[in-house]
Amino acid sequence: MLELSYSAYHDKVLGCWQGKCIGGSFGAPVEGAKSTNDLKFYASLDKAQIANDDLDIQLVWVHAFKEHGLDLTSHDLMQEWMSHVLFPWNEYGYAMKNFRTGIRPPLSGAFNNSYFGESMGCPIRSEIWGLVAPGDPELAASYAEKDAVLDHYGNSVYAEKLLAAIESMAFIESDPKRLLETGLSFIPANSRLAQCIRFVIECHEQSMPMLETRTHMINRFGHPDATSAVQNLGIIAIGLLYGEGDFERSMVSAVNCGYDSDCTGATVGAIMGVILGSHALPEKWVTPIGDDIISLLKIEELLEESTIQGLTNETCRFGVALSQRSDSACIIHEVPADVTEKAAAIAGRAVDDVSVQIEYPGSPSVSFSEPAKVFIKVVNNRERTIDTRLHLTGPSHLDISIDHAEVTLPPKESAGVEVLVVVKDGVTDLPIANKIRVTCSYEDKNCNEEFGLAGASEWQVIGPFWDTFPVDMVKPCSIYPHEDPSLPPVELMFMNHAGFDREYLPEPGFSEIRCDDATVERVTVDAPEDKVPLDDIFTMAGPQVVYMIRKIRLEQPRRVWVLTSGTDGVKLWINGKELINCHEHVCENPSYHFAEAELNAGVNTIAAKVIRCGSSFRFSLAIKENDGKHWHQQQHFIDYSNVKVCVKRNLNRVSSNKVPHVNNSSRADVLASSSTQR
């Protein structure tokens, strides 16, 4: 068991927060640059410390401990997030959309978040969990997982667990390789993250130069998103290993590897701060950042003192409170009386008798044709049997299979009911957010919970269209390929063609083609998420074009941002006006194409033309608010309803929500995993 004096514990916690601020501020000026850097010190000494979400969200978690006690749940953290974190960027924005829709963790991090769900947003907030659990990497990793699933899945969840375990063990261990091995023991060995970390360790053991290791690591594990977690955890490993225990060399090495440099610098700085303690950090790095915390949040709502020292004091109270538990892995002695008193108050916070949890056996969405399954789990936190009564109420356009249920809970156990939610016959408008309220009555008390289902969009897809290879594109050749000149040229035999500029249907008038027109093939696609995986629907190989139609209804006119992506090219019209026209092969970045648009009160028609030239066939569409800021600074727009596109004829209906069996190692597995947790 680890034993620490309070002064030694406080010094290491302070060193961690100072290292976090130093590394984040040092790396911020080159954040996102994928080239290597040659930085040696802060860009400016006048304002060395820079506000950074790496630290900001952890201030919210400090507040969460104060509000909810030591036994934090993902739901507690989600509530704190919705109250204090308004960041609209990337995975934060998708998680916030899910929270507002009513989708609960762990699916809030996986649903509709395929591009940014394995980015750095959660690994960068791991320190708090390691600091409150010194010498207890299992507890630190457990906290980290509850945090990470709010807005991430897969390798990002693993990354936060790995870092939290490292930061916990850094109170005991100083060797970077052994720390990395500890972190690796908490994540799947076959995960891409584990493979990347082990690759960096092997390169270091072979005495490969640092930049050469960085090159090989990026070539094997890189991603076009500079914030993708795997490559940045590889850079963190490089900084720790090649820094050889020196604070400055470790942090500077990480930042100069590029990519998400504020995050890598902040994390390496934080880990080295725990290892060395505040007293051993170089004064030249500590002095310029000062003691005040610079934050993008309303810091006065979160901390008693808006200083690094104040944050350290509050963090230490939670660590002391956890150390006083019977199963603690650490004894902290010589604790000042006032800290002991405040820690006891935190540890003594009462837990509710009964809590209600929401689990989704499949997708957290409902469509015009597919019901949603939801498991309402009731948890008994007491040592006595409790009889409960559940009452469910929802919007008028939904049928809920159970409105009342009796649930008896044995001591310290849970039970519940599975509910089927269906869109009623004849309903033509399906809101984005479909909220259902659960009231759990027991003894003389009530416990309330609200959850939501995303309303799936309905796309009418027309196609696919393609041509035989055009004769005028056949390259001249003096030697005929066949003995029989009546046979077509080989180019026509071996390749099809799809012309992005050819109008296979009148554009944009194809949106007015009747649903009962038998001269074109139509498929109705229920898309729970922004992305529509067309190659799961159109399985014919080769170049092809499809047209897509979707309708949405607004109560009031609204100016919005429209974000879309097509892997080989996309045209987009809203109400007949062309907004996007780009024939370019890109990766599946959901915001690669963007445009401002005016949506009318009433029904609006969204139409798209999407081409496939290569092996993948993808399309996505998202709508964001627009109050005059860049789309990156705006929340997702959810104040509209999906309108049923085809009410006369509904042939070949498919869902783009295909969820394989659970292994919890990928986004699709996370979407399936909630059914295994009861």
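Residues numbered from 1 in each chain as written. Predicted model: local features only at pLDDT ≥ 70, side-chain atom pairs only at ≥ 80, totals over all residues. Heavy atoms only, no water.

**Some details on the overall build of the protein chain**
When its secondary structure is counted, the protein chain shows 18 helices and 26 strands. Radius of gyration (C-alpha) of the protein chain: 28 Å, near the 26 Å computed for a compact globule of 678 residues. Counting only C-alpha atoms and orienting by the principal axes, one finds that the protein chain spans roughly 90 × 75 × 45 Å. Across the protein chain, every contact between residues at least 6 apart in sequence was considered, and the portion connecting residues at least 24 apart equals 75%. In the form shown here, the protein chain has an accessible surface area of approximately 26700 Å², with 49% of it arising from carbon and sulfur atoms. With 59 positive and 92 negative side-chain charges, the protein chain shows a separation of 4 Å between the mean positions of the two kinds. (Helix = DSSP H or I, 4+ residues; strand = E, 2+ residues; numbered from the N terminus. Rg over C-alpha atoms; globule rule 2.2 N^0.38 Å. Contact = heavy atoms within 4.5 Å. Areas by Shrake-Rupley, 256 points an atom, 1.4 Å probe, with all protein chains shown as cover. Lys, Arg positive; Asp, Glu negative; His and termini not counted. Charge placed at Lys NZ, Arg CZ, Asp CG, Glu CD.)

**Quick look at the pairing of strand 12 (residues 445-455)**
The pairing of strand 4 (residues 365-366) with strand 12 spans 2 bridges and is classified as parallel. Across the sheet, Ser 365 pairs through a bridge with Ala 454, a residue of strand 12. Where strand 11 (residues 433-442) lies against strand 12, 10 bridges are found, and the strand directions are antiparallel. Paired with Thr 439 across the strands is Asn 448, a residue of strand 12. Here strand 11 folds back onto strand 12 in antiparallel fashion, the turn holding 2 residues, of which Glu 443 has a positive phi close to 50°. (Pairing = 2+ DSSP bridges.)

**Some points on the environment of Gly 121**
Tracing the chain through its elements places Gly 121 in the loop between helix 4 (90-101) and helix 5 (127-132). What makes Gly 121 buried here is its relative accessible area of 5%. Gly 121 sits 516 residues away from Phe 637 along the chain, and the two C-alpha atoms are 21 Å apart. Setting aside anything within four residues of it in sequence, one finds Gly 121 in contact with Glu 91, Tyr 92 and His 152. (Buried < 20%, exposed > 50% of the residue type's maximum accessible area, 1.4 Å probe, protein only.)

**Topic: the sheet that holds strand 17 (residues 531-533)**
A sheet is described by the order of its strands in space; here 4 strands give the open sequence 17-24-19-22, paired in antiparallel fashion. Two strands lie at the open edges of the sheet, namely strand 17 and strand 22 (593-599), each paired on one side alone. Looking at each pair of strands side by side, their axes are set apart by 20° on average, direction ignored. Relative to strand 24 (residues 618-625), strand 19 (residues 558-566) runs antiparallel, the two being bridged by 7 bridges. Its bridge partner lying in strand 24, Leu 563 is registered against Ala 622. (Axes fitted to C-alpha atoms, helices over the stretch in contact; angles between N-to-C directions.)

**Topic: the packing of aromatic side chains**
Applying the stated criterion across every chain yields a total of 26 aromatic pairs. An angle of 65° between the planes, with centres 4.8 Å apart, marks the rings of Phe 41 and Trp 285 as edge-to-face. On the criterion of sequence distance, the pair formed by Phe 41 in the loop between helix 1 (6-27) and helix 2 (53-68) and Trp 285 in helix 14 (residues 283-289) is long-range, its members being 244 residues apart. On the basis of relative accessibility, which here comes to 28%, the residue Phe 41 falls in the partly exposed class. Take Trp 285: its relative accessible area is 0%, and that puts it in the buried class. Plain terms: the ring middles of Phe 510 and Tyr 547 are 4.5 Å apart, the flat faces sit at 50° to each other, and that makes the pair tilted. (Phe/Tyr/Trp six-rings, centres within 6.5 Å; stacked < 30°, edge-to-face > 60°.)

**Some thoughts on a nonpolar patch on the surface**
A contiguous nonpolar surface patch, about 340 Å² in accessible area, is contributed by Met 493, Phe 494 and Met 495. As for its placement among the helices and strands, Phe 494 is situated in helix 17 (residues 490-494). (Patch = residues over 30% accessible without salt bridge, like charges linked within 9 Å, V, L, I, M, F, W, Y side chains within 5 Å. Salt bridge = Lys/Arg side-chain N within 4 Å of Asp/Glu carboxyl O.)

**Regarding the state of the cysteines**
Here the structure, examined in full by the defined rule, presents 0 disulfides. Here Cys 257 is not cross-linked by a disulfide; its sulfur's nearest cysteine counterpart is in Cys 196, at 11 Å. Taking the relative accessible area as the measure of exposure, Cys 257 reaches 0% and is therefore buried. The thiol sulfur of Cys 330 is not disulfide-bonded, and the nearest other cysteine sulfur, from Cys 316, lies at 11 Å. (Disulfide = S-S within 2.5 Å.)

**Here's the deal with the environment of Ser 35**
Mapped onto the fold, Ser 35 is located in the loop between helix 1 and helix 2. The class for Ser 35 is partly exposed, based on a relative accessible area of 44%. Beyond its immediate chain neighbours, meaning those up to four positions away, Ser 35 contacts Arg 214, Cys 257 and Gly 258.

**Notes on helix 8 (residues 176-184)**
Every buried residue of helix 8 is accounted for by Pro 176, Leu 179, Leu 180, Thr 182, Gly 183 and Leu 184. The N-cap residue of helix 8 is Asp 175: its side-chain oxygen and the backbone nitrogen of Lys 177 are 3.2 Å apart. (Polar contact = N/O pair within 3.5 Å; in protein donor to acceptor, adjacent residues only side chain to side chain.)

**Brief notes about unusual backbone geometry**
In the segment running from Pro 105 into Pro 106, the intervening peptide bond is cis, with an omega of 10°. Considering the arrangement of structural elements, one finds Pro 106 in the loop between helix 4 and helix 5. With phi around 50°, Glu 443 is a residue other than glycine that occupies positive phi space. With a relative accessible area of 53%, Glu 443 lands in the exposed category.

**A look at the packing of helix 6 (residues 137-148) against helix 7 (residues 154-169)**
Across the interface, helix 6 lies against helix 7 with an axial gap of 8 Å and an inter-helix angle of 150°. Comparing the axis directions of helix 6 and helix 7 gives the class roughly antiparallel. Crossing hand, helix 6 versus helix 7: right-handed. Contacts between helix 6 and helix 7 pair Pro 137, Ala 140, Ala 141, Ala 144, Glu 145, Asp 147 and Ala 148 from the former with Val 157, Glu 160, Lys 161, Ala 164, Ala 165, Ser 168 and Met 169 from the latter. Here the contact of helix 6 with helix 7 is built from residues that sort into 9 nonpolar, 1 polar and 4 charged. (Parallel < 35°, antiparallel > 145°, perpendicular 65-115°, else oblique. Left-handed = near helix turned anticlockwise from the far one by under 90°. Nonpolar A, V, L, I, M, F, W, Y, C, P; charged D, E, K, R; others polar.)

**With respect to the sheet that holds strand 8 (residues 404-409)**
Sheet strands pair by backbone hydrogen bonding; their relative direction is either parallel or antiparallel. Spatial ordering of the open sheet is given by 4-12-11-6-8, a layout of 5 strands whose pairing is mixed. One side of each edge strand has no neighbouring strand; the edge strands of this open sheet are strand 4 and strand 8. Along the sheet, helix 4 contacts strand 11 and strand 12; its crossing angle with strand 11, the most-contacted strand, is approximately 55°.

**Things to note about the confidence of the model for the protein chain**
Of all residues in the protein chain, 94% attain a pLDDT of 70 or more, and the chain-wide mean is 91. Predicted confidence is poor over residues 658-665, with pLDDT under 50, and the contacts of this stretch with residues over four places away or in other chains come to 20 contacts. (pLDDT = per-residue confidence, 0-100.)

**So, the packing of helix 12 (residues 247-255) against helix 13 (residues 261-276)**
In contact at an axis separation of 8 Å, helix 12 and helix 13 are set at 160° when each is read in the N-to-C sense. Our classification of the angle between helix 12 and helix 13 gives roughly antiparallel. Here helix 12 and helix 13 pass one another in a crossing that is right-handed. Along its contact with helix 12, which presents Phe 247, Ser 250, Met 251, Ala 254 and Val 255, the element helix 13 presents Ser 261, Thr 264, Gly 265, Val 268, Gly 269, Met 272 and Leu 276. Of the residues contributing to the contact of helix 12 with helix 13, the split by class is 7 nonpolar, 5 polar and no charged.

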